[in-house]
Amino acid sequence: MTNNTDPTRRLRVVTYSRLSRATLASTSLVGQSDDLDYLSEREDWDVVAAFVDEGLSGGKRRAAADECLRMLADGEADILAAYAVDRFSRQGVGEDAAVVPLVRRGVAEAARRRDGIAPRVIFVREGIDSATDPTNWGMRFALASELAYNERQLMVSRRKGSIRRMQAAGRYTGRGPAPWGYRSAPNPTGAGRILGPDPTDTELIRDTTRRLLSGESATQVSRSMTSRGVPTPRSEFRKALLKGQSTDGLPTGTWSVSGLVQALMSEHLLGRIPYKTN
């Protein structure tokens, strides 16, 4: 811990905001950052770094969040301010607990120096502040961390259950581009979307199958498809095509023997619905 002990300088704060995906109930990155900027301006803190993670899950390690803690531990910042505990992390107290001893150790060192500045963490939405509530903040942080973890586990469970139900009903789950041979289409009998045959892909699959059955090797067929510019199932060209976007200059990909076999043996082309028993 190398905190500057000059009592006349402004306190240095590093801020952190995160949003995995935007919903009507979520607080936007702009809203989170505005609240943190307002707090910093009101307290006359010097913002030395402002980290923003967009589209990243809080259930995994993130370089920006780790860097915030490192700056606090190494004395490059006096305060770590995040909008909320679940924005900072959803990994649970087992992973997040390092925050508590980091602050406690810094507080003890500052007390020994007497003129030192102790590291401080603030989570705005919950009103958690290690400086203004030194007795209870760690317990409140641990509770909020576990609640954030459990909430994420519940969301993951619900999402998996929803995907299983959609698969069983023949609905399109929307994960990644539509499988080879299909396009996403409106569900004629209800909400959501389904997979419908893609005429271009369908004819291509029939032609490829005929060639293989007539004796051509998979190597010959895959090389021919690559040379003709047939887009691979996950190529940037096909992704744009499925979205109705321009395909100018986008790569169509390279067909390999394994890729061709995998495409022809996919669950969707074989009419299978995969299930997990655990």
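Since the structure is predicted, the reported quantities are computational estimates derived from the model, not experimental observations.

**Q** Mind showing me how you'd approach the environment of Glu76 here?
**A** Relative to the elements of secondary structure, Glu76 occurs in the loop between helix H2 (63–73) and strand E3 (79–82). Using a relative accessible area of 35% as the deciding quantity, one classes Glu76 as partly exposed. For Glu76, the contacting residues outside a window of four places in its chain are Arg12, Val48, Arg70 and Met71.

**Q** What is the right way to read unusual backbone geometry from this model?
**A** Excluding glycine, most residues fall at negative phi; most peptide bonds, likewise, are trans. Despite not being glycine, Asp44 shows a phi value in the positive range, around 60 degrees. Structurally, the position occupied by Asp44 is in the loop between helix H1 (29–43) and strand E2 (46–54). In this structure Asp44 comes out as partly exposed when scored by relative accessible area, which is 45%.

**Q** I'm lost on the nonpolar core in this one. Help?
**A** Note on soluble globular proteins: their nonpolar side chains tend to be buried together. Formed by 24 residues in total, the largest nonpolar core has its most connected members in Leu80, Phe88, Val121, Phe123 and Trp137. Mapped onto this core, the elements with two or more residues apiece are strand E1 (12–19), H2, E3, helix H3 (85–88), helix H5 (99–113), strand E4 (120–123) and helix H6 (137–168). Top element by residues in this core is H2. It accounts for 6 residues. Ile205, Met225, Trp255 and Ala263 belong to the second-largest nonpolar core, a separate cluster that totals 10 residues.

**Q** Even after reading the chapter, I still don't get a negative patch on the surface, so can you show me in this structure?
**A** Residues Asp34, Asp35, Asp37 and Glu41 make up a contiguous surface patch of negative charge. Inspection of the secondary structure assignment puts Asp34 in helix H1.

Thresholds, definitions, all that
Residues numbered from 1 in each chain as written. Predicted model: local features only at pLDDT ≥ 70, side-chain atom pairs only at ≥ 80, totals over all residues. Heavy atoms only, no water. Helix = DSSP H or I, 4+ residues; strand = E, 2+ residues; numbered from the N terminus. Buried < 20%, exposed > 50% of the residue type's maximum accessible area, 1.4 Å probe, protein only. Contact = heavy atoms within 4.5 Å. Core = buried A, V, L, I, M, F, W, Y, C linked by side-chain atoms within 4.5 Å. Patch = residues over 30% accessible without salt bridge, like charges linked within 9 Å, V, L, I, M, F, W, Y side chains within 5 Å. Areas by Shrake-Rupley, 256 points an atom, 1.4 Å probe, with all protein chains shown as cover. Salt bridge = Lys/Arg side-chain N within 4 Å of Asp/Glu carboxyl O. Lys, Arg positive; Asp, Glu negative; His and termini not counted. Charge placed at Lys NZ, Arg CZ, Asp CG, Glu CD.

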